[in-house]
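# Understanding the architecture of this molecule
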Amino acid sequence: MKTKNEWMQSVYLPAAQKFPERKYNFKNLSDMDPEPIYTADDLGDWDEERDLGYPGEFPYTRGVQPSVYRGKLWTMRMFAGFGSAEQTNERFHALLKAGQTGLSTAFDLPTLMGYDSDHPFSKGEVGKCGVAVSSLADMEILFRGIDPEQVTTSMTINSPANAIWAMYIANAQKQGKDLTKIGGTIQNDILKEYIAQKEFIFPPAPGVKLVIDTFEWGPRVVPKFNFISVSGYHIREAGATGVQELAFTLADGFHYVEKALERGLDIDEFAPRISFFWDIHNDFFEEIAKLRAARRIWARQMRDRYGAKNPKSWMLRTHSQTAGVSLPAQQPLNNIARVAIQALAAVLGGTQSLHTDAYDEALALPTEEAATIALRTQQIIAYETGVAGVVDPLAGSYYVERLTNDIEAAAMGYIEQIRALGGVEAGIDSGFFQLEMAEAAYRYQREVETKDRIVVGVNDFVQDAVEVPIQLIDPEVERVQEARLAQVRRERDPERAEAALDALRDAAVTGANTMPAFLECAHAYTTLGEQMDTLKRVYGEYVEPVLV
Ligand SMILES: CC(C)(COP(=O)(O)OP(=O)(O)OC[C@H]1O[C@@H](n2cnc3c(N)ncnc32)[C@H](O)[C@@H]1OP(=O)(O)O)[C@@H](O)C(=O)NCCC(=O)NCCSC(=O)CCC(=O)O
């Protein structure tokens, strides 16, 4: 048989002279230029046993479970939250009734920034991009009628993650639930806030310290809870390429591991509950290869660099979300097609959990109809396409294996560069991440503006604006929240509340684990704002350095 090179010379190039290749940018979103075809000749020293293996076995390229979706479909976990706790609770019940298999909570901006709903800074933002939660009283309503032992819940919360998690756990305790049986995930990934999303409160050192408190406390008290979801999503949405998303996020994961080890924790006690979160964009094969490379890098580094011995510590388990940034406001119904393709890539990449964006995401929070179509998209993939019946069906594809290798190598290059810079916190201080991402975002935008990259409906195939119904948030929610907060402050035991906040302050001052104090703060109905203010007085607030 001819070699690839012989075929290129004798067949492809002569044909391309007669019928030239399209003048188009074939590069993927990580700026990697694919060749026209891939054969075994492209795999270099790729070794099937070392680099691929079997599903459920090191290095987990093919998936973390032996049976992957033949055993259990991925969790269909739609990110939802708006308005008051009552409204979101209603949406949660509707989503579960529609066949969703896990919950995922979106909090509003004041909650994400640690402000109570009645703080002057919260005006106009209460309940807008998620649900408002200022105390245990809101949490009780939010999860009314939902059994935390039966349904796993994800909470996208970062700077105030300890406080919100404690409220969730306090609510479960008040219902008499067994804490060793409740499962779920808090995002709790503060590093990517400094790098990308910018919803930080405290400086990086105490920010990371609070995260490590959850690494220590979680496995002992709520052993089924994933106390972190190390998130590439927001890094990607802020303009990073797929390779940067992978590298920066894994570097963040390793940073937390190193900090937990510095605290003297046993890697095999905490690492099995570290989880991840990826953004799944339009380049189909790039995204599949990214997920496979992610599992391989994590497994190799955890075993060989950090010395983890428990196979569960080697397994990178992940949530995925289709790429909001890829869904334009122009011709929004086309986004249903984009989301279907991205979701298929997440599934072929072996995700454990998936959110599919609603087509109207660029316009407003999703209407119930748009959110339902997004969920149905997952159900169509799960039940109609046959892709869930065979484990890692793309394994052995020359292109997919080569791309997995290339993405792994490129991401490891970045990870080594970050280590040489002095680590993630040093990279944040020097603006390394922001500058790398700004450059990638600029390159992408220039490609779109010069039409070197076509985005259907945006820079080609454009048509007049199409109107779709959008969801509006009732400003009444702000008044309801203010009234509830006033009632909470009036009815709680003031001495217990004050003592709880004092204990939180003391834990912060002495460097003790803050989680027991946060749990008591929740039970004492102290508010989120009161807890964060207490910590601000000890830790200070982060001011981002200006980069020019
Ligand atoms: C680990 C994950 C990724 C997934 O957890 P899940 O519980 O859903 O799934 P799972 O762990 O795969 O499965 C649950 C249990 O079943 C077992 N299991 C699963 N598949 C199996 C199989 N084939 N054979 C045997 N056992 C299996 C697992 O080991 C596990 O048990 P054990 O537990 O006993 O091992 C978790 O962290 C998660 O759900 N994350 C969601 C994060 C999220 O929703 N984030 C939203 C961000 S939204 C955001 O940031 C906003 C972005 C924006 O701006 O729009």
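Residues numbered from 1 in each chain as written. Predicted model: local features only at pLDDT ≥ 70, side-chain atom pairs only at ≥ 80, totals over all residues. Heavy atoms only, no water.

Looking at an unreviewed UniProt entry, the protein chain carries the name Methylmalonyl-CoA mutase, with the source organism given as Deinococcus aetherius.

### Considering the overall build of the protein chain
Scanning the protein chain from N- to C-terminus turns up 23 helices and 9 strands. The principal-axis extents of the C-alpha atoms in the protein chain amount to approximately 85 × 55 × 50 Å. Across the 548 residues that make up the protein chain, the buried fraction comes to 57%. Across the protein chain, contacts joining residues at least 24 apart in sequence account for 79% of those joining residues at least 6 apart. As displayed, the protein chain has an accessible area near 22700 Å², and 54% of this comes from carbon and sulfur atoms. Side-chain charges in the protein chain split into 55 positive and 78 negative, and the spacing between the mean points of these groups amounts to 3 Å. (Helix = DSSP H or I, 4+ residues; strand = E, 2+ residues; numbered from the N terminus. Buried < 20%, exposed > 50% of the residue type's maximum accessible area, 1.4 Å probe, protein only. Contact = heavy atoms within 4.5 Å. Areas by Shrake-Rupley, 256 points an atom, 1.4 Å probe, with all protein chains shown as cover. Lys, Arg positive; Asp, Glu negative; His and termini not counted. Charge placed at Lys NZ, Arg CZ, Asp CG, Glu CD.)

### Some words on the packing of aromatic side chains
A ring pair, where both rings are aromatic, is described by two values, the distance of the centres and the angle of the planes. Evaluated as defined, the whole model comprises 30 aromatic pairs. Judged by centre distance (6.0 Å) and plane angle (40°), the ring pair of F215 and Y256 falls under tilted. Taken together, the residues span a long stretch of sequence, with F215 in helix α9 (residues 204–221) and Y256 in helix α11 (residues 242–262) at a distance of 41 residues. On the numbers, 6.5 Å between centres and 70° between planes, the contact of Y414 with F432 is edge-to-face. Taken as a pair, Y414 in helix α17 (residues 398–421) and F432 in helix α19 (residues 432–449) lie far apart in primary sequence, 18 residues in all. Considered together, Y414 and F432 belong to a single accessibility category, that of buried residues. A network of ring pairs unites the aromatic residues F92, F143, W165, Y168, W217 and F225 as a single cluster. Lying across the ring of Y38, K4 places its NZ or CZ 5.1 Å from the centre. A cation over a ring is seen here: R303 above F58, with NZ or CZ 3.7 Å from the ring centre. (Phe/Tyr/Trp six-rings, centres within 6.5 Å; stacked < 30°, edge-to-face > 60°. Lys NZ or Arg CZ within 6 Å of the ring centre and 35° of its normal.)

### Some remarks on the nonpolar core
Counting residues in hydrophobic clusters, the biggest one holds 138 residues, and the most contacted among them are F215 and I274. The contacts of I274, once residues within four sequence positions are left out, are F215, F227, I228, V230, V257, W298 and R317. F82, V126, I473 and V477 belong to the second-largest nonpolar core, a separate cluster that totals 5 residues. (Core = buried A, V, L, I, M, F, W, Y, C linked by side-chain atoms within 4.5 Å.)

### Thoughts on the layout of surface pockets
Of the pockets and cavities examined, the second largest pocket occupies roughly 910 Å³. Lining the second largest pocket are 36 residues, with L29, H281, N282, Y444 and R453 positioned closest to its centre. Mapped onto the lining of the second largest pocket, the elements with two or more residues apiece are α10 (233–237), α15 (334–348) and α19. Looking at the lining of the second largest pocket element by element, the count peaks at 7 residues for α19. In terms of residue class, the lining of the second largest pocket is made up of 18 nonpolar, 9 polar and 9 charged. (1 Å grid on protein atoms, 1.4 Å probe; cavity = no way out; pocket = protein on both sides within 12 Å on 5 of 7 lines; lining within 4 Å. Points joined across faces, edges and corners; volume = space filled by probe spheres on them. Nonpolar A, V, L, I, M, F, W, Y, C, P; charged D, E, K, R; others polar.)

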